[in-house]
Amino acid sequence: MDLDLDERTLAFRDEARAWLAANVPAEPLKSFDTAEGFAQHREWECRLADARWSVVSWPREFGGRDASLLEWVLFEEEYYAAGAPLRVNQNGIFMLAPTLFSHGTEEQQRRILPKMARSEEVWAQAWSEPEAGSDIAALRSTATRCDGGWRVSGQKTWSSRATFADRAFGLFRSDPDSVRHKGLIYLMVDLRAEGVTVRPIPQLDGEPGFAEIFFDDVFVPDQDVIGAPGEGWRVAMTTANNERGLSLRSPGRFLAAADRLVSLWHDAGRPAHTADRVADAWIGARAYQLYTLGTVTRLSDGAELGPESSVNKLFWSHLDVALHETALDILGPDAELRGAWSDGWLFSLAGPIYGGTDQIQRSIVAERLLGLPKGAR
Amino acid sequence: MRFALSGEQEQFSRSLHDLLSGVDTDSANRSWAAGDHGPGLKIWRRLAELGVTALAVPEKYDGFGATPVDLAVGFERLGYHCVPGPWTDTVAVLPSLLDDELLTSVASGETLASVAFAPHVPYALDSDVADARLAVEKGRLRAFTPGALLSSVDGSRRLFQPVAGDDLGTALDAEHAFELGCLATAAQLLGTGRWLLDTSVAYAAQRKQYGREIGGYQAVKHLLADVATGLALAEPLLFGAAVTLDRRDVSAAKVACGDAAHLAARTGLQVHGAIGYTAEHALGLRLTRVRALVGAWGTPRFHRERVLS
Ligand SMILES: Cc1cc2nc3c(=O)[nH]c(=O)nc-3n(C[C@H](O)[C@H](O)[C@H](O)COP(=O)(O)OP(=O)(O)OC[C@H]3O[C@@H](n4cnc5c(N)ncnc54)[C@H](O)[C@@H]3O)c2cc1C
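An unreviewed UniProt entry annotates chain B as Acyl-CoA dehydrogenase family protein originating from Amycolatopsis coloradensis.

Named according to an unreviewed UniProt entry, chain A is Acyl-CoA dehydrogenase family protein originating from Amycolatopsis coloradensis.

Below you can see the structure in the form of structure tokens.
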């Protein structure tokens, strides 16, 4: 058991660190939930891509560096430690891309991935529906076979960044007689196609971070179907569990935030009433970093990422909220002023909801990891 | 970077587990608490045959000179099975305090040690059964004689007020010894927490109320899922600390293993209901052990301060 990095990995990390130090914008970008901020983020992604840092774990032919999983984790650590911007195309890069790598055709990979790497096309995830939240298999939007493709109707909601995004991926019911997980199709849809209406929904911070997407008989060509029609659920599950996806949420983000919190606490004169919680936030971030290194080792040994990804999710979503609430308590009366900490706090509150709520994750851990009896889900 | 136990370490953990599953540690704890060390010492000797007592002893004194990771692996299983006796003092701490022939008999399992470590370990554990009694203060070693027997919340931890005697000179490496004491305690907490989780899951899967297993109820499931999460994330801190032995990492491990085990104990009791509140049930032994170890080898407050400094 060791934590030492070999020469090659150290060189990779140093190169990333040097590039980020020289290139991360001095002024933070505007929120990507505003038109101006979204454009700034696209520019930043282009700059990352030009230096091959936008999708380090991808094969070179698609703009990556063939980086190992460990290198990816280290890159993420450097990325957040350097204070670099959030990734505007994270749904594409971390969720759709792994799906395309395992289920997409060569043609799809060649057509879609290079543009994604540069964020020329920013992707939205269109999974949730008004009547299908935690229970995605209850979805109602339909896809009907037609000449050369499918005609899509229905409504998706809570789609992050769909307001400004170019395209979306999601599940639709392709077999009208099917129920639940069966008879679904996984489609990529152009958000500018005829029949698509995107209605922005302001989030708690007032910005249009969410959107509803209405589909009114929208044509989707066959080339934009991932996997076989009817097999959408199986394809979607690789999106949810993919080891390079959000399920292995970068520990770099939390470590960087925990380090900032410890500094904030020292600068505020080490207020005793928050000491324990500051220490716990750092301990949690370090635990998550080491846990991830353990996962990386197991995956490199050929193991599959299973229900432990729910342990991940439960842990970091809780950690992120606690960390930000502690920061606000240290700030005292200034906590109510808009700034990095209060924005971070608002965002942290969504962690226990998106990507499967904490209740859903707990049920998965209890049933699939601990083997407790199945219950109503 | 390979952050996973080696095949030999996994194997060592399994042999410890197999051995300890076959002995009645619960009744050994009860005898120990009553001052009858016989059954506990029998387990001590069997573990010594497996090499546990020789782990941290240098090779020149017939030990294995094993790494802190090996120690953590061993202590995790000792915690799981709630083995009574001054294991931390003898096996984790003592070998870093001395360079002495005495270690040969520690390695073979003949000598048990009781170590007081000012200021964080003020009371000496099991001094009545230990033949080597050492008090560490500011890097110096003193012999001590056991004074009054104090009663611990965990009856099978017999604590004594040390009465200082002869000065024995400078400790070999008191700082290292202290970190290993903290690490071994954290490992036992993790192991004890795991036993509490496993036992509670098994109970929840068979105990029925309102016509179904209580483990099928979401309220119960979610409590246990939180315990599993806490333990899962405490483990890498323990082994990370064993690899680096960095003060901050060791303290982080001690806090996290203590918190996770404490949650496992509280949840375990809740899931078991009244049967868990009886002295007959093994749960109580673990619940009080956890509470005792949370404060031993540095309180959570002390360790959190080290994390922040
Ligand atoms: C910031 C943010 C970004 C998001 N981005 C996207 C996106 O880009 N694309 C997308 O498709 N979706 C997105 N979502 C939606 C998200 O995936 C859903 O909100 C989530 O799956 C929960 O669904 P729901 O909101 O309908 O809540 P519901 O499913 O209605 O749940 C409401 C409450 O009931 C509980 N509950 C429900 N079922 C159970 C059960 N079986 N057992 C126990 N408790 C239960 C839940 O835990 C929750 O507390 C986003 C959400 C947020 C907050």
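Let's pick the thread back up.
Draft legend 1. Examining the overall build of chain A more closely. Each helix and strand in chain A was counted, giving eleven helices and eight strands. The principal-axis extent of the C-alpha atoms belonging to chain A is close to 70 × 45 × 45 Å. Counting every position in chain A, which comprises 377 residues, the buried fraction comes to 54%. Relative to all contacts within chain A whose residues are 6 or more apart in sequence, the contacts with residues 24 or more apart total 70%.

Draft legend 2. How the structure looks around the overall build of chain B. Scanning chain B for helices and strands turns up eleven helices and seven strands. Taken over C-alpha atoms, the radius of gyration comes to 19 Å for chain B, in line with the 19 Å a tight globule of 309 residues would show. Its C-alpha atoms give chain B principal-axis dimensions of about 65 × 45 × 35 Å. The contacts in chain B between residues at least 6 apart in sequence include a share of 69% that link residues at least 24 apart. As displayed, chain B offers around 12000 Å² of accessible surface, 52% of which is attributable to carbon and sulfur atoms.

Draft legend 3. Here's a closer look at the environment of A:Arg47. Residues and elements named next belong to chain A. Residue placement: Arg 47 occurs in helix α2 (residues 35-50). Its relative accessible area of 39% is what places Arg 47 among the partly exposed residues. Counting along the chain gives 219 residues from Arg 47 to His 266, while the straight-line C-alpha distance between them is 35 Å. Those residues in contact with Arg 47, other than ones at most four positions away along the chain, are Trp 19 and Asn 23. Here the side chain of Arg 47 touches Asn 23 through a polar contact of 2.6 Å, landing on its backbone oxygen.

Draft legend 4. Geometry of the packing of helix α8 (residues 218-244) of chain B against helix α9 (residues 247-272) of chain B. All names here are of chain B. The contact between α8 and α9 brings their axes to 8 Å, and the two run at 155 degrees. Judged on the interaxial angle alone, α9 and α8 are roughly antiparallel. In the crossing of α8 with α9, the sense of the turn from one axis to the other is left-handed. Looking at side-chain class alone, the contact of α8 with α9 contains 19 nonpolar, four polar and two charged residues.

Draft legend 5. Region of the structure containing empty space enclosed by the protein. Per the counting criterion, the structure on display carries two cavities of 30 Å³ or more. Among the elements that make up the lining of the second largest cavity, the one with the highest residue count is α9(B) (four residues).

Draft legend 6. The arrangement of the side chain of B:Glu179 in detail. Locating B:Glu179 in the fold gives a position in helix α7 (residues 174-206). Leave out the neighbours within four places in its chain, and B:Glu179 touches B:Arg247, B:Val250 and B:Arg306.

Draft legend 7. Molecular detail of the interface of chain A and chain B. Chain A puts 42 residues into the contact, and the matching count from chain B is 41 residues. Of the roughly 3600 Å² buried between chain A and chain B on both sides combined, carbon and sulfur atoms contribute 69%. Here chain A is connected to chain B by six salt bridges. The shortest N-O distance in the salt bridge between A:Asp276 and B:Arg301 comes to 3.5 Å. Contributing elements (two or more residues each) for the side of chain A that touches chain B: α7 (251-267), α8 (275-300), α9 (308-331) and α11 (358-369) of chain A. A per-element tally of the side of chain A that touches chain B places α8(A) first, with 16 residues. Residues belonging to the side of chain A that touches chain B are distributed by class as follows: 26 nonpolar, six polar and ten charged.

Draft legend 8. Local environment of the layout of surface pockets. The calculated volume of the second largest pocket comes to roughly 920 Å³. A:Arg298, B:Arg194, B:Leu231, B:Ala232 and B:Glu235 are, among the 30 residues lining the second largest pocket, the residues nearest its centre. Listed by contribution, the elements that provide at least two residues to the lining of the second largest pocket are α8 and α9 of chain A together with α1 (7-21), α4 (68-80), α7 and α8 of chain B. Classifying every residue of the lining of the second largest pocket by side-chain character gives 18 nonpolar, four polar and eight charged.

Draft legend 9. Looking closely at the pairing of strand β5 (residues 184-190) of chain A. Residues and elements named next belong to chain A. Among the seven residues in β5, six count as buried, and that is most of the element. Across seven bridges, the pairing between strand β4 (residues 167-173) and β5 is antiparallel. Paired with Arg 173 across the bridge in β5 is Leu 184. Note that β5 and strand β8 (residues 225-230) share two bridges and pair antiparallel. Across the sheet, the residue bridging to Leu 187 is Val 225, located in β8.

Draft legend 10. The arrangement of helix α3 (residues 69-81) of chain A in detail. Residue and element names in this part refer to chain A. The end-to-end C-alpha distance of α3, which contains 13 residues, comes to 18 Å, matching closely the 18 Å that a straight helix rising 1.5 Å per residue would cover. Of all 13 residues in α3, twelve are buried, a share of seventy percent or more. Immediately beyond the C-terminal end of α3, within one or two residues, lies Gly 83, with a positive phi of roughly 75 degrees.

Draft legend 11. Representation of the nonpolar core within the structure. Counting residues in hydrophobic clusters, the biggest one holds 188 residues, and the most contacted among them are B:Leu47, B:Leu97 and B:Phe117. Among the elements that line this core, the one with the most residues is α7(B), at 17 residues. Among all residues touching B:Leu97, those that are not within four sequence positions of it are B:Val115, B:Phe117, B:Val136, B:Leu141, B:Ala171, B:Leu172, B:Ala174 and B:Ala177. If you look at the next biggest cluster of nonpolar residues, it comprises 25 residues, including A:Phe32, A:Val152, A:Phe164 and A:Leu191.

Draft legend 12. Representation of the site of the ligand within the structure. Lining the immediate environment of the ligand, one finds 19 residues, of which A:Ser128, A:Ser134, A:Trp158, A:Ser160 and A:Thr357 sit closest. With respect to the ligand, its neighbouring residues span chains A and B. Within the backbone of A:Trp158, a nitrogen or oxygen atom sits 3.1 Å from a nitrogen atom of the ligand. Between the ligand and A:Thr357 there is a distance of 2.6 Å, counted from an oxygen atom to a side-chain nitrogen or oxygen. Protein contact buries 70% of the 970 Å² of open area that the ligand shows by itself. The residue makeup of the shell around the ligand, split by class, is seven nonpolar, eleven polar and one charged.

Criteria and thresholds
Residues numbered from 1 in each chain as written. Chains lettered and ligands numbered in written order. Predicted model: local features only at pLDDT ≥ 70, side-chain atom pairs only at ≥ 80, totals over all residues. Heavy atoms only, no water. Helix = DSSP H or I, 4+ residues; strand = E, 2+ residues; numbered from the N terminus. Buried < 20%, exposed > 50% of the residue type's maximum accessible area, 1.4 Å probe, protein only. Contact = heavy atoms within 4.5 Å. Rg over C-alpha atoms; globule rule 2.2 N^0.38 Å. Areas by Shrake-Rupley, 256 points an atom, 1.4 Å probe, with all protein chains shown as cover. Polar contact = N/O pair within 3.5 Å; in protein donor to acceptor, adjacent residues only side chain to side chain. Axes fitted to C-alpha atoms, helices over the stretch in contact; angles between N-to-C directions. Parallel < 35°, antiparallel > 145°, perpendicular 65-115°, else oblique. Left-handed = near helix turned anticlockwise from the far one by under 90°. Nonpolar A, V, L, I, M, F, W, Y, C, P; charged D, E, K, R; others polar. 1 Å grid on protein atoms, 1.4 Å probe; cavity = no way out; pocket = protein on both sides within 12 Å on 5 of 7 lines; lining within 4 Å. Points joined across faces, edges and corners; volume = space filled by probe spheres on them. Buried area = accessible area lost by both parts, 1.4 Å probe. Salt bridge = Lys/Arg side-chain N within 4 Å of Asp/Glu carboxyl O. Pairing = 2+ DSSP bridges. Expected span 1.5 Å × (residues − 1). Core = buried A, V, L, I, M, F, W, Y, C linked by side-chain atoms within 4.5 Å. Near = heavy atom within 4 Å.

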